[in-house]
Amino acid sequence: MSTEISEFPSSAPRSSADQASLPADQVSARPGGATDQDHLLGGAVGDVDVPSGVRARVGTPGVGDPRLARLSLNQRTTARWSLREAIDGCVAAGLPAIGVWREPVAEVGLDTAVRWVRDAGLRVSSVCRGGFFTASDPDARAAAHASNLAAIAETAALGAPTLVLVPGGLPDGDRDLIGARARAADAIAALVPAARDAGVTLGIEPMNPIFAADRGVVSTLEQALDLADPFTPAEVGVVVDTYHLWWEPKVHEQIARAGAAGRIVSYQVCDWITPLPADTLLGRGMMGDGHVDFAAFTRSVAAAGYAGDVEVEIFHADVWAAPGADVVATLARRYVELVEPHLAR
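*Asks:* What should I look at first to understand the overall build of the protein in this one?
*Replies:* Along the backbone of the protein there are 12 helices and 10 strands. Looking at the protein as a whole, 56% of its 345 residues qualify as buried. Considering only contacts in the protein between residues 6 or more positions apart, those separated by 24 or more positions represent 79%. Accessible surface, the protein: about 13,200 Å² in total, of which carbon and sulfur atoms supply 55%.

Put into structure tokens, the structure is as follows:
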């Protein structure tokens, strides 16, 4: 049967202490003797991008730089950071928003997470994730529904506008892709009343076809929009992710369609790099290190009327291994170079 796949490795260091500093065992040495701790607390950021190791092409924007006004750190990009550390890292770098994942929130408790985010003055751009409801077994579908109801409540408590839905893949031994998509449609419809009552929009995330078997039977923006059509834009929208959609034929037409219907609830960016790693899930690269045309993509999203936060969401072993502050500094530089200039309509 289809089960939810955790993407927060249990070996990742965690901290649940309500404090602004990194635990001593997580302070990573850096060239010149500086540490990740220095950067989190406001030290100077180096001029080398990670994970590429190339010299930065632009300066690092500082706290208060207006170009950062819509930039959000998706928590998965700095997988080694706990929620506390990710919040502090955003504040230190001047990022106004964070996209949170349910697992790190659960580690500290929802009430604590809500308080931390509120006290830091951050927006929660989205909550990842709901979904994984394509199982054929009725008990598994009921369990997924209950989990998604809890996710909707968490999203509302965190003040996030969107719960991102990853539909799920094929159940074990199942080859009926059409049937799995139908079950996803039914599951979304069953969640709409609760989402509407909570003031949360369900955001369907189409995924690259390489994940159709194990994670996402919805592969194109067109398919996601078709699933959303029966509902109001306040109830169900779509996530536009450059990694998943850069290849899609007529994607710019579909972005325009989504914009005309008011259905773009999240814009997520990262790059498609080659060669793909053995674990294709970890093939998301830092913007500018791969093949995505961020200028064209961003102009389409802006022309479609999207005015929300832009999340950087990267799954890559070398990014995760780098000091978190270096990752945030690099993504901020790449964002102001490659994405932000094209956000104006």
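*Asks:* I'm lost on unusual backbone geometry in this one. Help?
*Replies:* Trans peptide bonds make up most of the peptide bonds, and negative phi angles are found at most residues other than glycine. Cis geometry marks the peptide bond from C128 to R129, where omega comes out at 0 degrees. Looking at where R129 falls in the secondary structure, it is placed in strand β3 (residues 123-131). Going from T274 to P275, the amide bond is cis rather than trans, its omega being -5 degrees. With respect to the helices, strands and loops of the structure, P275 is situated in the loop between β8 (271-272) and β9 (284-285). Here the phi dihedral of F132 falls at roughly 50 degrees; this positive angle occurs in a residue that is not glycine. You can call F132 buried: its relative accessible area is 4%. Of note, the phi angle at K250 is positive, near 60 degrees, even though the residue is not glycine. Relative to the helices and strands, K250 resides in the loop between α8 (242-245) and α9 (251-260). The exposure class of K250 is exposed, given its relative accessible area of 60%.

*Asks:* Got a minute to help me understand the sheet that holds strand β4 (residues 162-166) in this structure?
*Replies:* Within a sheet, adjacent strands bond to each other through the backbone by hydrogen bonds, running parallel or antiparallel. The strand order around the closed barrel formed by 8 strands is β1-β2-β3-β4-β5-β6-β7-β10, and the pairing between neighbours is parallel. Pairs of neighbouring strands in the sheet enclose a mean axial angle of 30 degrees, with direction left out of account. Pairing between strand β7 (residues 264-269) and strand β10 (residues 310-312): 3 bridges, direction parallel. Paired with Y267 across the two strands is V310, which belongs to β10. Against the sheet, helix α5 (residues 138-157) engages β3, β4 and β5 (201-204), with an angle of about 150 degrees to β4.

*Asks:* Explain the pattern of salt bridges here, please?
*Replies:* When the charged atoms of two side chains with opposite charge come close together, those side chains can pair. On inspection of all chains with the given rule, the structure shows 17 salt bridges. Residues E313 and R284 are paired through a salt bridge, measuring 3.4 Å at the closest nitrogen-oxygen approach. Highlighted residues: E313 in the loop between β10 and α11 (317-321) and R284 in strand β9, separated in sequence by 29 residues. Per residue, the accessibility class of E313 equals that of R284, and both read buried.

*Asks:* It is not clear to me how the packing of α9 against helix α10 (residues 294-303) should be interpreted in this structure. Could you clarify?
*Replies:* For any two helices packed against each other, one specifies the crossing angle of their axes together with the interaxial distance. Put simply, α9 and α10 touch, their axes get as near as 8 Å, and they point 25 degrees apart. Relative to α10, the element α9 is oriented roughly parallel. Regarding α9 and α10, the two cross each other, and that crossing is right-handed. Across from V251, H252 and I255 in α9, the residues of α10 making contact are A296, F297, S300 and V301.

Criteria and thresholds
- Going along each chain's sequence as written, the residues are numbered from 1 onward.
- Per-residue local features of the predicted model are confined to residues with pLDDT of at least 70, and side-chain atom pairs are confined, for both listing and counting, to 80 or more; whole-chain, interface and lining totals are unaffected and use all residues.
- To get the side-chain values, take all heavy atoms of the structure and skip hydrogens and water.
- Runs of H or I in DSSP of at least four residues are treated as helices and runs of E of at least two as strands, each being numbered from the N terminus.
- Buried residues are those whose accessible area, probed at 1.4 Å on protein chains only, stays under 20% of the maximum for their type, while exposed residues exceed 50% and partly exposed ones sit between those limits.
- Should any heavy atoms of two residues lie within 4.5 Å, those residues are considered in contact.
- Areas reported as accessible are Shrake-Rupley estimates using a 1.4 Å probe. Residue values count occlusion only from the protein chains shown.
- A pair of strands is labelled paired if DSSP reports no fewer than 2 bridges between them.
- Axis definition: a line fit to C-alpha positions, over the contact stretch in the case of helices; interaxial angles, taken between N-to-C directions, run 0 to 180 degrees.
- For salt bridges, the criterion is a side-chain nitrogen of Lys or Arg within 4 Å of an Asp or Glu carboxyl oxygen.
- Put simply, angles under 35 degrees are roughly parallel, angles over 145 are roughly antiparallel, angles from 65 to 115 are roughly perpendicular, and the rest are oblique.
- Definitions for this section: a left-handed crossing has its near helix turned counterclockwise from the far helix by less than a right angle. A right-handed crossing has that turn clockwise.

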